[in-house]
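Analysis of the macromolecular model
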Amino acid sequence: MPNHVPHIIEVAIPLHLDRTFHYRVPREMEGQALAGRRAFVPFGRRRLTGYILGNVTAPPPHELKEIFEVLDPEPLWTDSELEFFRWVASYYLHPLGEVLKTALPAGINIQDRKGSGQDDPTVSGGKTIKTEIVYRAAAPCEPAPHLGAKAADILGVIREAGDIPAAELRRRFGTCSPQLKRLAELGLVTGETREVYRNPFGDDAVKRDTPRVLSRHQQAALDALCAALDRHAFAPFLLHGVTGSGKTEVYLQAIAQALGQDKNALVLVPEISLTPQLVQRFRARFGHGIAILHSGLSDGERYDEWRRIRRGQARIVIGARSAIFAPLAGIGIIIVDEEHEASFKQADGLRYNARDLALVRGRMERAVVLLGSATPLVTSRYAAEHGKLALLTLPERVEQRPMPTVELAPMKGVATAISPLLVPALEATLAAGEQAIIFLNRRGFATYLVCAECGAPLACPNCSVSLTYHRQRGQSVCHYCDYAIPAPGICPACGCQELKELGAGTERLEHDLRELVPQARILRMDSDTTGGKGSHGRLLARMSDGSADILVGTQMIAKGHDFPGVTLVGVVNAEASLAMPDFRAAERTFQLLSQVIGRAGRGDAPGRVVVQAQSSDHYAIQNAVRHDSDAFYRQELEFRREVGYPPFSFLACLGFSGTAERPVEEHAGTVARLLTQLKREKGLRVEILGPAPAPLYRLRGRFRRQILLKSPTRNDLRRLIAAWQQNRPAASTIREYVDIDPVDMM
Ligand SMILES: Nc1ncnc2c1ncn2[C@@H]1O[C@H](COP(=O)(O)OP(=O)(O)OP(=O)(O)O)[C@@H](O)[C@H]1O
Ligand SMILES: [Zn+2]
Ligand SMILES: [Zn+2]
């Protein structure tokens, strides 16, 4: 072909660069270098994996480098997914290449190779795809020719099974290749290679169930959702249902409706490994067309699930926040369960919020989006009041079960960790053969050691936090950087050997409970007891099957669990979370307490709750105790209005960190001055707060400063940050990040 037009492609690179790059495609790769695939490309002195966005028609202004290799035979994303990724990149002011890297499963990513790796051009592939050989009976009607006894048995088994993996045959018959070979030669069976999907459920079978007859309120909610599904248009809902009101049943039946329309369903949950029960309920209702995606999966398992979804082999995807990027086509409904949970927000890298993105993706897919919670975000209720979300309410528990009765146990002057009010309640519960949950509110609060001599707490040398004392491990540990020293140890400040325990951890609580109610079978659930894969599930199963009486734990036991046998809940340190350095502290406390209180009395017997607090006047505690979320909402909204926080403003946080304190401080100061200047020049309505040390002012050895930006309009906020990004002063040793709609500003 004379006058060959060079084939040029646009490639996104997963680096912190605000632009994409052009490359030339060598002639032999023309058919492969298509949009949606990855390419291995030269970049400066490095070789990187880039993402091909499409062809470029304009001739290049200068000589372009050639790509080395195309890495994928098939596209990894569709046009509509790319549109979503572009939206994410622009909203979070984050490079598109980084967004693609975050959105695609880790299993496919080959390693970046730095310049020195040039002698070794082989590309280490992504996760290998596992295969197996499956045998299938062929020509089943013909009379069997003469076969040996073993071959005949094997044939019988294959015929009965329809198809069966070779491994299964070997398990039953021992070596059987000669027989299988002969059966195949005779045309009686065929063997084919098939991909194995690692099954993250394991092999445990579930009992199937059927839809329940809905309560009046559930039915009204479902009717509204079905009507919206019939319209095939974007329709966002907030489902506000008290604890135990049967929100999950509404999800299940709305999904069934979507499946019936040949649409698929995406379900986001805060942390799936904490809620094996929810997955079980979905499996019981829908069987096997379910894929799950969450951080507990190995890269291989995750990649398997991703491929199943991409091929249309899963109709329902359940996952933690990253599942918002699942390659699911034809989405009819997106459900965000426990929409108030902070874990929908990613805390580093691309700081996206999956709850917010559910609304964006839902709009693009013309889907129904259902945000469900017993304690919705203040901002969600506000959006519902202003018609941005349609409100569905479930004001009562199913089957007219009452909300639990709640008592406050004042702890002022009480020396023990467990209130004298709680002990007889525990005894009565055990005597009745019922179960209890003891919840320790430990946000920003744990057991630690202080020096009996000089009073200094044992602190992490890298982070500005005290070390948590773990009696069982015999260590004091930093929960941010994993620094650990043998405990109790000696005081680093004065060398004194006497260190004493402060605060009440779950271990301490368990220990005290064993003394107070020795007859009880006690389970403890916290980061110490749930290290291994599936350990949550095993612990929770012991509550479900009644082989434990008391479950002791922190945040992780507060959420979503449905144990009908639990009639008593004790809350230790109810007010601890009010002290968080965050304007959402009251909201978090109200949510946490309401959720824990809601674990009691979900079965036939009514529930009782004892809330222990040093001081209980705060409206977050008072309203949680009264089950009054409306009163809490009104009061909290007033507070937000006064201080000008969301929903009355939009926030962004700029973060800076470095290993030396002074340069970080100076750099943050320079940025703040630049922002002030840009804001004036452009006439933007943005309040610039700080720079201030972050609440965790030192983390993993890095000093941290933050600037908080606050504005009545999103647009001004984004324009200011974009202007800063274009005029950014060079800061080679200092790391910077942008956090749009920050959730945890620690
Ligand atoms: N219509 C119904 N009739 C009878 N039982 C029901 C009905 N709907 C749900 N249930 C049962 O009620 C219990 C509570 O339901 P579910 O766990 O869905 O509540 P929830 O609203 O999600 O609660 P939470 O927000 O506290 O997690 C479950 O055991 C569920 O099986
Ligand atoms: Zn000391
Ligand atoms: Zn540390």
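Residues numbered from 1 in each chain as written. Chains lettered and ligands numbered in written order. Predicted model: local features only at pLDDT ≥ 70, side-chain atom pairs only at ≥ 80, totals over all residues. Heavy atoms only, no water.

Re the UniProt feature "binding site: Zn(2+) 2" (unreviewed entry) in the chain
Going by this rule: UniProt positions are given in the numbering used here, feature names are shortened, and annotations may be inferred rather than shown by experiment. Under the DSSP-based scheme used, a helix requires at least four consecutive residues in state H or I and a strand at least two consecutive residues in state E, with every element numbered from the N terminus. Under the scheme applied here, a residue whose accessible area is under 20% of the maximum for its type counts as buried, over 50% as exposed, and between as partly exposed, the area being computed with a 1.4 Å probe on protein chains only. Whether two residues touch is decided by their heavy atoms; if any such pair falls within 4.5 Å, the residues are in contact.
In the UniProt entry, the feature "binding site: Zn(2+) 2" (unreviewed entry) is given for C460, C463, C478 and C481. Taken together, the annotated residues stretch across 22 residues yet fold into one region, lying no more than 8.6 Å apart by C-alpha. By secondary structure assignment, the location of C463 is in the loop between β18 (448-451) and β19 (468-470). Judged by its relative accessible area of 3%, C463 falls in the buried class. Discounting residues that sit within four places of it in the chain, C463 has contacts with C478, Y480, C481, R698, L699 and R700. Note that C478 resides in the loop between β20 (475-477) and β21 (484-486). According to the relative accessible area criterion, C478 is buried, its value standing at 0%. Not counting the four nearest positions on each side in its chain, C478 is found in contact with C460, C463, V465, L467 and Y483.

Section: the pairing of strand β28 (residues 687-699)
Formally: Paired strands, as defined in this entry, are two strands with at least two bridges between them according to DSSP.
Pairing between β28 and strand β29 (residues 702-711): seven bridges, direction antiparallel. Each bridged residue has a counterpart across the sheet, and for I688 the counterpart in β29 is L709. Remark: two residues form the turn of the hairpin made by β28 and β29, two consecutive strands paired antiparallel; R700 in that turn has positive phi of roughly 45 degrees.

Focus on helix α11 (residues 378-385)
Because the α-helix completes a turn every 3.6 residues, residues three or four places apart line up on one side. Listed as buried for α11 are V378, S380, R381, A383 and A384. The secondary structure elements touched by the buried residues of α11 are β9 (235-241), α10 (354-365), β15 (390-394), α15 (585-597) and α17 (629-643).

Concerning the pattern of salt bridges
The following threshold applies: A carboxyl oxygen of Asp or Glu within 4 Å of a side-chain nitrogen of Lys or Arg is what we treat as a salt bridge.
Scanning the model with the defined rule gives 33 salt bridges in all. One salt bridge in this structure joins D72 and R38, with 2.7 Å as the shortest N-O distance. Taken as a pair, D72 in the loop between β5 (69-70) and α1 (79-91) and R38 in strand β3 (residues 38-43) lie far apart in primary sequence, 34 residues in all. Each member of the pair, D72 as well as R38, carries the same accessibility label: buried. Within this structure, D209, R212, E249 and R285 form a network of salt bridges that share partners.

A word on the site of ligand 1
As a reminder of what qualifies: Put simply, a residue is near a molecule or strand once any heavy atom of it comes within 4 Å of that molecule or strand. Residues adjacent in sequence count toward polar contacts only when both atoms are side-chain atoms; beyond that, a polar contact is any pair of N or O atoms within 3.5 Å, and within protein one must be able to donate a hydrogen and the other to accept it. Computed with the Shrake-Rupley method and a 1.4 Å probe, the accessible areas treat only the protein chains shown as cover for residues. Throughout, the ten residues Ala, Val, Leu, Ile, Met, Phe, Trp, Tyr, Cys and Pro are labelled nonpolar, Asp, Glu, Lys and Arg are labelled charged, and all others, Gly among them, are labelled polar.
Close to ligand 1 lie 20 residues; V213, K247, R281, D562 and R602 are nearest. R281 is positioned such that a nitrogen or oxygen atom in its side chain is 2.8 Å from an oxygen atom of ligand 1. At 2.5 Å from an oxygen atom of ligand 1 is found a side-chain nitrogen or oxygen belonging to D562. Look at ligand 1: alone it shows 630 Å² of surface, and the protein chains cover 90% of it. If one sorts the elements of the shell around ligand 1 by residue count, helix α7 (residues 247-260) sits on top with three residues. Split into classes, the residues belonging to the shell around ligand 1 amount to four nonpolar, eight polar and eight charged.

Focus: the nonpolar core
Our working definition: What we call a nonpolar core is a set of buried Ala, Val, Leu, Ile, Met, Phe, Trp, Tyr and Cys residues that are connected through their side-chain atoms within 4.5 Å.
Counting residues in hydrophobic clusters, the biggest one holds 73 residues, and the most contacted among them are L266, I324, F325, L709 and W724. A total of seven residues in this core trace back to one element, the largest contributor, which is helix α18 (residues 661-682). Setting aside residues up to four positions removed in sequence, F325 forms contacts with F84, F85, V88, A103, L350, Y352, L357 and R361. In this structure, V566, Y619, A624 and L637 belong to the second largest nonpolar core, which totals 37 residues.

Remarks on the packing of aromatic side chains
Any aromatic ring pair is given by two values, namely how distant the centres are and how the planes are angled relative to each other. So the rule is basically this: Pairing of aromatic rings covers Phe, Tyr and Trp, the last counted by its six-membered ring, and requires centre-to-centre distances within 6.5 Å; plane angles under 30 degrees mean stacked, over 60 mean edge-to-face, and any other angle means tilted. Sitting over a ring, as applied to charges here, requires NZ of Lys or CZ of Arg to be within 6 Å of the ring centre and within 35 degrees of the ring normal.
Tallied over the entire structure, the rule returns 16 aromatic pairs. Between F21 and F43 the ring centres are 5.1 Å apart and the planes differ by 85 degrees, which places this aromatic pair in the edge-to-face class. Of this pair, F21 sits in strand β2 (residues 21-24) while F43 is found in strand β3, placing the two residues 22 residues apart along the sequence. In terms of burial, F21 and F43 fall into one category: buried. Seen from their ring centres, Y303 and W306 are 6.5 Å apart, and the 35 degrees between their planes marks the pair as tilted. Of this pair, Y303 and W306 both sit in helix α9 (residues 299-310), three residues apart, which is roughly one turn of the helix. Per residue, the accessibility class of Y303 equals that of W306, and both read buried. Site record: aromatic cluster; members linked through ring pairs are F84, F85, F325 and Y352. Lying over the aromatic face of Y737, R351 brings its terminal NZ or CZ to 3.6 Å of the ring centre.

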